[in-house]
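Architecture at a glance
What follows is the residue order along each chain.
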Amino acid sequence: MVENIICTLSNISDDNSLHRELISNGLVEVIKKFIDMFLEQAQEVNEMGVNEIQEGLELNVMPVGALNLIKAITIIIMNISSNPDVQGDCLQADIISVILTSLRLRDYEVTTHLYRAM
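Heads up: these notes are all about the structure in this document. (Residues numbered from 1 in each chain as written. Predicted model: local features only at pLDDT ≥ 70, side-chain atom pairs only at ≥ 80, totals over all residues. Heavy atoms only, no water.)

Take the overall build of the chain next. The number of helices and strands found in the chain is 8 helices and 2 strands. When its helices and strands are written in sequence order, the chain yields α-α-α-α-β-α-α-α-β-α. Looking at the 118 residues of the chain, the share that counts as buried comes to 41%. The contacts in the chain between residues at least 6 apart in sequence include a share of 73% that link residues at least 24 apart. (Helix = DSSP H or I, 4+ residues; strand = E, 2+ residues; numbered from the N terminus. Buried < 20%, exposed > 50% of the residue type's maximum accessible area, 1.4 Å probe, protein only. Contact = heavy atoms within 4.5 Å.)

Once that is clear, we can look at the packing of helix H1 (residues 2-12) against helix H5 (residues 64-81). Interhelical geometry of H1 versus H5 gives an angle of 25 degrees and a closest axis separation of 9 Å. When the axis of H1 is compared with that of H5, the two are roughly parallel. For the pair H1 and H5, the sense of crossing is left-handed. Counted together, Val-2, Glu-3, Ile-6, Cys-7, Leu-9 and Ser-10 of H1 and Gly-65, Asn-68, Leu-69, Ala-72, Ile-73, Ile-75, Ile-76 and Asn-79 of H5 form the full contact between these two elements. (Axes fitted to C-alpha atoms, helices over the stretch in contact; angles between N-to-C directions. Parallel < 35°, antiparallel > 145°, perpendicular 65-115°, else oblique. Left-handed = near helix turned anticlockwise from the far one by under 90°.)

What follows is the structure, encoded as structure tokens:
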């Protein structure tokens, strides 16, 4: 169900006219909480191994559903931050910290979306 909601938001983020409304409704905060939760859960699963919070989480070993979810989130970040009309709103919503946190998720497509967002 979460995957359907995030993918729907990803599709909605293709429409530039809805970006201001998405930001004002707290989409950036939801994305930030989801990424933090995802990183924390990955660390709990791998307590004795690599510290994903500091060293990054390789997504090529993740299930396809989780990878698609992360890709959809980074597409939302890229679409919203690429809109010059709402870049000020993005900065106020602290999208920079969301992008920096998301860079810990290591996948070619995810990283490409995040660099395009910057």
